[in-house]
Amino acid sequence: MYFATGRAAIATFAVALAVAVGLLAAPPAAAQFATRTGVVAGPVSEIRVEGTQRIAPETVRAYVTVQPGAQVDAEEIDRSLKALFGTGLFADVVIRQEGGALIVRVVENPIVNRIAFEGNRRLKDENLTNELTIKPRTVFTRARVQADVKRLQDIYRASGRFAATVEPKIIQLPQNRVDVVFEIDEGQVTGVQRINFVGNRSFADGTLREQIQTRESRWFRFLSNDDVYDPDRLSFDRELLRKYYLSAGYADFRIVSAIAELSPDRAGFYVTFTIEEGERYRFGKIDVVSQLRDLKKEQMVDLVTTKEGNWYDANRVEASVSALSDFAGTAGYAFAEVRPRVTRDRDARTVSIVYEVQDGPRVFVERINIVGNSRTTDKVIRREMQLSEGDAFSTAKLRRSRDRIRGLQFFERVEVTNVPGEAPDRTVLNVEVQEKSTGDLSFGIGFSSSDNVLLDASIRERNLLGQGKDLKIGGTLSRRRNQVDLSFTDPYFLDMDMAAGFDIFRQKRDLQREAGYDFIATGFVVRNGYRLGEYVDQSLRYTLRNDDITNLAFGVSPLVQDAAGSVLQSSVGHTTLFDWRDDRVDPTDGYFLRIGNDVAGLGGEAKFLRSTASTGFFYPITPEYVASLILSGGHITALSGDRVRLQNRFSLGGDDFRGFRTQGVGPRDGATGGALGGNLFYTGSAELSFPTGLPKEFGLRGVLFSDVGTLTSFDRPPAGRPGATARVDDSGSLRASVGIGALWRSPFGPVRVSYAKAVVKEEYDRTEAFRFGVGTRF
């Protein structure tokens, strides 16, 4: 027993001694690392590469920092491993040492054979593929796949689908290849369930919701995406709110936060704007100080739209700065700067402004760079620029250049910026555009009280061959009107700031109900137009047309029988337009004056002088209530002993005189009641446009109106011709109507409805109380 125990003790002591010796002789940390990786410090006689399939061994050796014959240690091996993994070519790398050979064993990443998508219905495969970093026949890495998953999720979120999920599936194939399949659950569109405002005292939530672009989700917004949550749109909404408050006098207004919270079920967002309105200010003292010798204060005071005592409005301050800048520029001070010096009196709640007009730094345009126009030629964009290389730089002209390019309607996006040039007094203008489709193939269907069911079709290219030219072919078919026309316009004829073009047309109208005949017009017009000033347009035209009165009804007026047949008209004319409206399509402020003359007799049978004029005034009583008054008139007289024929006379009624039928006002045959037209007319129309109380996006507005006017005077046939002694009803008295109507800019086209009562009329007039029209194009 004792002997055995002693032997055990001796054995235990020997083991402990061996362990102690091993610990004392242990290598440093780096040597330990090298040993674990299978590398022993010492010289390397060769580098052997194993496991490569597509990649040449020389490529692997190029990333190994150890060279044959050199000493190797753990630091070198670590650098080699990082270099090989950094290529992205390998899924695994092992380095070990066998004798004097350094063996590098690699496992190559697979090659992507194919990329597929499953479950995507809203976004096409090609659109998603363009956003991926991983492509077929490239090296597969999990990091790139995960990055692409996040990118696809971001794309769906940008389209309002925050509940979308993307799951990548990797399918292994022979020869170290893989298919990558992205399984997508698009989910539902994540709308905006509620928009809340916190801190608003002066304006109700509903009023503020009308000022922003984001809308709450409702069933009737199925044709709009404004009720889909978009972070970029939310940023835009912040700016819209700020502009609204600053234009209403709240100079201290600020937005504390704008937060969008996704509901727990991910079905929609709750958007909350937290605001501080501050106090409402009025304009205090307003003054203009000019440091430019030739510009006097008295010349510029009237250009300032900010008036003492009015509520503060940041838009009027900006408009005043623009007006003063433009005035200084036209006076020869291209580098003038207008700086509004603002003094705020919080106790009196006033904002006093001194507009300082001073000479700014002299900067010239070095060059203009245009990018993004893959189809539209540079010339089309450059001719809209108000600045050229070498011109004195002007921010006002830069702004107008941007607006003119946007006005072409050729581009989805237009950005015009300036950056410093190669010298301190030089600047470079960068014009960045994004093309959009400019071709239209449209079909339409509509209904009106005068034409009944109406079919319409046209094909149009507004940017023909990228040259900015406009070509349109169209046709209209209805029970009472058929028309086909071809139109071409070159907005910069011969590279001059002058538009030129032509129209070829054929029109047939059924006027059996009004006058007992059909009217057919065939011809063409050659025209050109140019600007006489910023607000003045001039157009010239030559017209050659054949007007035919045919298919006379039984018992038709002898005055119509006298006019039956064709009349060839060859005429020249002009129209001058003075236009200060804020919008030519839907004006709310400003006025216009239009004057036109036509002279016929340069060949053909018709010989007359026709003059027309119209003017209109628009005044916003409030931002929602707009009053307007439009006056118009015309007169036609025969030349060279001729008489004005039925084909050339004016007509009145229908859309241009509500409460009366088409051609319902004016001279009529006393026996048959047929309309004869007139040589003189004048009308006036007063309107008040108002909101209906429905959300703005409905596009529905009401209108109260009153129309007054008359149509009178006509040339009788000479003695012996039919109708020379016919009785004609023509009092020349004033007619008037009052009514109410509505205009709905619906997703299917404009819908117009009016109900009018003819309160002053003649017994032979033809009245019409209800008028309705709807049309759509698709």
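All values derive from a computational prediction rather than experimental measurement. Throughout this document, residue positions are counted from 1 along each chain, in the order its sequence is written. With the structure being a predicted model, the display of local features is reserved for residues of pLDDT at least 70 and the display and counting of side-chain atom pairs for 80 or more, all residues being used for whole-chain, interface and lining totals. Each side-chain value is derived from all of the structure's non-hydrogen atoms; neither hydrogens nor water enter the calculation.

Asks: Help me out: how do you make sense of empty space enclosed by the protein in this one?
Replies: Space inside and on the surface of the protein is sampled on a 1 Å grid over the protein atoms alone, with a cavity defined as a set of points where a 1.4 Å probe fits but cannot get out and a pocket as an open set with protein on both sides within 12 Å along at least 5 of 7 lines; lining residues have an atom within 4 Å of a point. Grid points are joined across faces, edges and corners, and a volume is the space filled by probe spheres set on the points. Taken as a whole and judged by the stated rule, the model has one cavity of 30 Å³ or more. In this structure, the largest cavity occupies an estimated 30 Å³ of space. Taken together, R658, G659, S754, A756, E768, A769, F770 and R771 form the lining of the largest cavity. Labels follow the DSSP assignment, with helices taken as runs of H or I lasting at least four residues and strands as runs of E lasting at least two, numbered in each case from the N terminus. Elements represented by at least two residues in the lining of the largest cavity include exactly β34 (749–760) and β35 (770–777). Within the lining of the largest cavity, the residues separate by chemical class into three nonpolar, two polar and three charged. Under the scheme applied here, ten amino acids are nonpolar (Ala, Val, Leu, Ile, Met, Phe, Trp, Tyr, Cys and Pro), four are charged (Asp, Glu, Lys and Arg), and all others, including Gly, are polar.

Asks: Help me out: how do you make sense of the nonpolar core in this one?
Replies: Soluble globular proteins: nonpolar side chains tend toward being buried together. Buried residues of nine kinds, namely Ala, Val, Leu, Ile, Met, Phe, Trp, Tyr and Cys, make up a nonpolar core once their side-chain atoms join them within 4.5 Å. Only protein chains enter the calculation, and the probe is 1.4 Å; a residue is then buried if its accessible area is under 20% of its type maximum, exposed if over 50%, and partly exposed in between. By size, the foremost hydrophobic cluster in this structure holds 22 residues, and its most contacted members are L295, Y312, Y355 and V357. For this core, the secondary-structure elements that each account for two or more residues are β12 (282–290), α10 (314–330), β13 (336–345) and β14 (350–359). The element contributing the most residues to this core is α10, with five residues. Counting residues in hydrophobic clusters, the runner-up holds 21 residues, among them F162, F203, L234 and F269.

Asks: Teacher, can you tell me more about the pairing of strand β23 (residues 517–533) here?
Replies: Every other side chain in a regular strand lies on the same face of the sheet, so the side chains alternate between the two faces. DSSP-based pairing: two strands are paired if at least 2 bridges between them are found. Strand direction decides the pairing type here: strand β22 (residues 498–511) and β23, joined by 14 bridges, are antiparallel. Considered in β23, the bridge of R509 is made with F519. Joining the antiparallel neighbours β22 and β23 is a turn of five residues, in which G516 adopts a positive phi near 85 degrees. The pairing of β23 with strand β24 (residues 536–550) spans 15 bridges and is classified as antiparallel. What sits directly across from G529, in β24, is S539. What sits between the antiparallel neighbours β23 and β24 is a turn of two residues.

Asks: Before we go on, may I ask you to explain helix α6 (residues 142–158) in this structure?
Replies: Owing to its 3.6 residues per turn, the α-helix aligns residues three or four sequence positions apart on the same side. Given a helix with a known number of residues, its expected span is that number minus one, times 1.5 Å. Its 17 residues place the ends of α6 24 Å apart at the C-alpha level, agreeing with the 24 Å of an ideal helix rising 1.5 Å per residue. Taken as a whole, α6 has its buried residues at V145, D148, V149, L152, I155 and Y156. The buried residues of α6 all sit within an arc of 125 degrees when viewed along its axis, so they share a single face. Pointing more than 90 degrees away from the buried face of α6 are the exposed residues A143, K150 and A158. Among the structural elements, β6 (111–118), α5 (125–129), β7 (165–173) and β8 (177–185) are those in contact with the buried residues of α6. Positive backbone phi, at 90 degrees, marks G160, one or two positions downstream of α6. By construction, the arc corresponds to the directions joining the helix axis to the C-beta atoms. Any pair of residues with heavy atoms lying within 4.5 Å of one another is described as a contacting pair.

Asks: Looking at this structure, I do not really get the environment of D730. What am I missing?
Replies: Here D730 lies in the loop between β32 (728–729) and β33 (735–746). Among the residues examined, D730 registers a relative accessible area of 29% and is labelled partly exposed. Sequence separation of D730 and S713 is 17 residues, and the distance between their C-alpha atoms is 7.2 Å. Apart from the residues lying within four places of it in its own chain, the contact partners of D730 are P667, L711, T712, S713 and Y764. We call two N or O atoms a polar contact when they sit within 3.5 Å, provided that within protein one can donate a hydrogen and the other can accept it, with sequence-adjacent residues counted only if both atoms are side-chain atoms. Engagement of the side chain of D730 in a polar contact is seen with the side chain of T712, the distance being 2.9 Å. Within the structure, D730 has its side chain in polar contact with the backbone nitrogen of G732 (distance 3.5 Å).

Asks: Honestly, the environment of T417 in this entry has me stumped. Any pointers?
Replies: Residue position: T417 is located in strand β16 (residues 411–420). When the C-alpha positions of T417 and F592 are compared, they lie 33 Å apart, and in sequence the two are 175 residues distant. Residues within four places of T417 in sequence aside, it is in contact with V428, L429 and N430.

Asks: Would you mind showing me how to read the sheet that holds β7 here?
Replies: Within a sheet, each strand pairs with its neighbour through backbone hydrogen bonds, oriented either parallel or antiparallel. Taken in spatial order, the three strands of this open sheet run β6-β8-β7, and their pairing is mixed. What marks the edges here is a single partner per strand, and that holds for β6 and β7. Ignoring strand direction, the axes of neighbouring strands in this sheet form an average angle of 20 degrees. Here β7 pairs with β8 via nine bridges, running antiparallel. Across the sheet, the residue bridging to V166 is I184, located in β8. All axes here are fitted lines through C-alpha atoms, helices being fitted over the stretch that makes contact, and every angle between N-to-C directions spans 0 to 180 degrees.

Asks: What is the right way to look at the pattern of salt bridges in this model?
Replies: Each salt bridge in this description consists of a side-chain nitrogen of Lys or Arg and a carboxyl oxygen of Asp or Glu lying within 4 Å of one another. Evaluated as defined, the whole model comprises 51 salt bridges. For the salt bridge of D78 with K82, the shortest nitrogen-to-oxygen distance reads 3.5 Å. In this pair, D78 and K82 both sit in helix α4 (residues 74–86), four residues apart, roughly one turn of the helix. Relative accessible area serves as the criterion here: at 29%, D78 is assigned to the partly exposed category.

Asks: I tried to follow the side chain of D470 on my own but got confused; where do I start?
Replies: With respect to the element layout, D470 can be found in strand β20 (residues 469–478). By relative accessible area, D470 is classed as buried at 17%. At 2.5 Å, the side chain of D470 and the side chain of R460 are in polar contact. Contacts of D470, omitting those with residues within four sequence positions, involve R460, E461, R462, S487, F488 and T489.

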